[in-house]
Amino acid sequence: RAAWVLRPPLPAEAMEPAEPNTATPEKSTKRRAKRADNKIDTWFKGSRVDKYFKVTERGSNFTTEFIAGCTTFLTACYIMAVNPNILSVTGLNYEGLVFATAMSSCVATLIMGLWANLPFGLWPGMGMNAYFAYTIVGFKGTLTPVKKVMFAVLIEGVVFMVMSALDVRRYIMKTFPRWLMSATMAGIGLFLAQIGLHAGNGIDLVRDHPAIYVDAFNTNIDYSARTWLGIFMFFLMAALVTLRVKGAVMIAILASTFLCWTLEAAGEKQFVYQPQCCLGSITYTSATSWYPRPGSSWIGPKEFLSQPVCGGGPEGVFEVPGSASNVEIEGNPGFFASSWSGAKVTGSFYNWTVTEADGTEHYVPGKALSYQGNGDGRNGLGNKGDCNDVCHQMFGGFGGVVPGEYGYGPCWGTIMTDTSCWTSMTPSNDNQANEHQQAAGAINLDQSLASITVIDGFGAGCTG
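Bear in mind that the values here come from a model prediction, so they are computed numbers and not experimental data.

(A) The arrangement of the overall build of the protein chain in detail. From N to C terminus, the protein chain includes 13 helices and 15 strands. For the protein chain, the residues scored as buried account for 33% of the 464 residues in total. Taking all contacts inside the protein chain whose residues are at least 6 apart in sequence as the whole, residues at least 24 apart take part in 60%. Approximately 28600 Å² of the protein chain is accessible, and the part contributed by carbon and sulfur atoms is 63%.

Written out as structure tokens, the structure is:
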């Protein structure tokens, strides 16, 4: 890019030819020195692989390329979680999307490396997937049937392949000015940064705001361990890059990954998805320090969602011992349903008898039942938590204990009250939730909950 600057006329002596400078120019101290070859680099140099990929010819060595490849993978592998999370909103199978994302990235990168002989990683681009899921298809295909849109994507892919084979894309790209392409890359970078800062797939530092669109999140350590961990790792990465540490980006990514895995394995509350469900009376308290309401931030005003409390009535709550997990449905490989292992419940509504595995019985009249939901992940329907199905298993079968009555059994009125970690929570005046509570007998038919809090309504699991 050229820049023209107007200067005043030069004096006469400046027009005389200058003596040639024969001194050896000093090398710039800002330029990073070439990595010295180690034994592996020396062994690799001159090999068939080296000659094919032109590693030495391009001024590099094996160690440099290995670290660069690992860093590229670590900075890009987030797509295997983010892309399925976005596209599964349309109703497409989550596990299938994970496989398709990984396989398409693998094939495209292999073609780029083995055929084009260029050190570029290729994977599904962010932006188009969000446009596909939220703008074109919509939630569960409410805007356009997903199969029709997938067929349009297939046609688009064929058109791009033909354009690439005929080298038409090169001439199309020449029509766009360089500044526009640079701005596009910067915009995509900002979009990725926004994803990394948001809750669903990032560090939960910013969140939606109904008025100004983006606002800072509540940074109370009781709720935001992931946020502070992400901030610390960002500054660690910046410090390592500034100090010119080899593999700085890779070190920071691996450190944050293994630290999160360790905290999850240790059962740290904010890093484990363990849904808790309630069958019976639920009270939505006016919390003053619980989950921040959309539009609330550390800047203010600080407003919080109403916190669901199981067994908020005078009789209290009974904790049903046991746990839930996923089991593969017989005859349907790849499809899973919730299974309950623990105490069994019998009796009529609010007149429960809980029988533990060792035969111990507990008669708990009038109390709500609190029990663990399925924390194993999405079942065949794409849900997480699965309070209703786990409840049916707890009662020994589908339908609950009072078939034929309103709501066909108490299990239709279960509500998720906690997930251990922080997940997506939204305020709602959902009539369906009121009907669930009425079916469960938690509230009268003429009574309505003015405001409830829906926990993990989309089955997204832990935020961040």
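(B) How the structure looks around the sheet that holds strand E3 (residues 273-279). Strand order in this open sheet of 4 strands is E6-E12-E3-E13, and the pairing throughout is mixed. In this open sheet, the two strands that pair with only one neighbour each are strand E6 (317-319) and strand E13 (415-420). Between one strand and the next, the sheet's axes are offset by a mean angle of 25°, whatever the strand orientation. Here helix H12 (residues 387-394) sits on the sheet and contacts E3, strand E12 (368-372) and E13; the angle it forms with E12, its principal contact strand, is near 105°.

(C) Up close: the nonpolar core. Counting 29 residues, the largest nonpolar core has Val 320, Val 345, Val 354, Leu 369, Tyr 371, Met 394 and Phe 395 as its most contacted members. When contributions to this core are tallied by element, the ones reaching two or more residues are E3, strand E10 (351-355), E12 and H12. The dominant element in this core, judged by the number of residues it contributes, is H12, at 4 residues. Of all hydrophobic cores here, the second largest spans 12 residues; its members include Leu 97, Phe 132, Ala 133 and Val 146.

(D) Expanded view of the sheet that holds strand E11 (residues 361-365). Taken in spatial order, the 3 strands line up as E9-E10-E11 in an open sheet, and their pairing is antiparallel. The strands lining the two open edges of the sheet, one partner per strand, are strand E9 (344-348) and E11. This sheet shows a mean twist of 20° between the axes of neighbouring strands, independent of strand direction. The pairing of E10 with E11 spans 5 bridges and is antiparallel. If you follow Asn 351 over to E11, its bridge partner there is Pro 365.

(E) Examining the state of the cysteines more closely. One pass over the full model with this rule turns up 2 disulfides. Covalently, Cys 278 is tied to Cys 310 through a disulfide, its sulfur atoms 2.0 Å apart. Its S-S torsion of approximately 75° makes the covalent link between Cys 278 and Cys 310 right-handed. Within this pair, whereas Cys 278 is found in strand E3, its partner Cys 310 is found in strand E5 (residues 307-310), the two being separated by 32 residues in sequence. In this structure Cys 310 comes out as buried when scored by relative accessible area, which is 13%.

(F) Local environment of the packing of helix H10 (residues 225-242) against helix H11 (residues 248-265). Direction vectors running N to C along H10 and H11 enclose 155°, while the axes themselves pass 8 Å from each other. Between H10 and H11, the crossing angle belongs to the class labelled roughly antiparallel. The handedness of the crossing between H10 and H11 comes out as right-handed. The residues of H11 that touch H10, namely those facing Leu 229, Met 233, Met 237, Leu 240 and Val 241, are Ala 248, Val 249, Ile 251, Ala 252, Ile 253, Ala 255, Ser 256, Leu 259 and Cys 260. Class assignment of the residues belonging to the contact of H10 with H11 gives a composition of 13 nonpolar, 1 polar and no charged.

(G) Representation of the pairing of E5 in the model. Side chains Pro 308 and Cys 310 project from E5 onto a buried face, and the interleaved Gln 307 and Val 309 project onto a face without burial. Sheet topology places strand E4 (residues 282-285) next to E5; 4 bridges connect them, and they run antiparallel. For Tyr 284, the partnering residue across the bridge sits in E5 and is Pro 308.

(H) Spotlight on the environment of Thr 360. Position of Thr 360 relative to the elements: it lies in the loop between E10 and E11. For the pair formed by Thr 360 and Ala 343, sequence separation is 17 residues and the distance between their alpha carbons is 9.2 Å. Excluding residues within four positions of it along the chain, Thr 360 makes contact with Val 354 and Thr 355. A polar atom in the side chain of Thr 360 sits 3.0 Å from the side chain of Asp 358.

(I) Geometry of the side chain of Thr 227. Examined against the element boundaries, Thr 227 turns out to sit in helix H10. A polar contact is formed between the side chain of Thr 227 and the backbone oxygen of Ile 203, at a distance of 2.7 Å.

(J) A look at the packing of aromatic side chains. The full count for this structure, using the stated rule, is 7 aromatic pairs. Note on Phe 62 and Phe 66: the rings are 6.1 Å apart at their centroids and 20° apart in plane angle, and the pair reads as stacked. Of the two residues, Phe 62 and Phe 66 are both situated in helix H3 (residues 62-76); the distance of 4 residues between them amounts to about one turn of the helix. Here the aromatic cluster, defined as three or more aromatic residues joined through ring pairs, consists of Phe 44, Phe 62 and Phe 66.

(K) Examining the pattern of salt bridges more closely. Counting across every chain of the model gives 3 salt bridges. A salt bridge links Asp 37 to Lys 45; the shortest N-O distance between them is 2.7 Å. Note on Lys 45: relative accessible area 42%, which makes it partly exposed. For the salt bridge of Lys 269 with Asp 418, the shortest nitrogen-to-oxygen distance reads 3.6 Å.

(L) Structural detail: helix H6 (residues 128-137). Residues Asn 129, Ala 130, Phe 132, Ala 133 and Val 137 constitute the buried set of H6. In a view along the axis of H6, the buried residues occupy a sector of 165°, so they form one face of it. Looking at the packing, one finds that the buried side of H6 touches helix H4 (79-87), helix H7 (146-165) and helix H9 (178-197). Backbone geometry just after H6 places Gly 138 at a positive phi near 85°.

Reading the values: rules and limits
Residues numbered from 1 in each chain as written. Predicted model: local features only at pLDDT ≥ 70, side-chain atom pairs only at ≥ 80, totals over all residues. Heavy atoms only, no water. Helix = DSSP H or I, 4+ residues; strand = E, 2+ residues; numbered from the N terminus. Buried < 20%, exposed > 50% of the residue type's maximum accessible area, 1.4 Å probe, protein only. Contact = heavy atoms within 4.5 Å. Areas by Shrake-Rupley, 256 points an atom, 1.4 Å probe, with all protein chains shown as cover. Pairing = 2+ DSSP bridges. Axes fitted to C-alpha atoms, helices over the stretch in contact; angles between N-to-C directions. Core = buried A, V, L, I, M, F, W, Y, C linked by side-chain atoms within 4.5 Å. Disulfide = S-S within 2.5 Å. Parallel < 35°, antiparallel > 145°, perpendicular 65-115°, else oblique. Left-handed = near helix turned anticlockwise from the far one by under 90°. Nonpolar A, V, L, I, M, F, W, Y, C, P; charged D, E, K, R; others polar. Polar contact = N/O pair within 3.5 Å; in protein donor to acceptor, adjacent residues only side chain to side chain. Phe/Tyr/Trp six-rings, centres within 6.5 Å; stacked < 30°, edge-to-face > 60°. Salt bridge = Lys/Arg side-chain N within 4 Å of Asp/Glu carboxyl O. Arc of directions from axis to C-beta.

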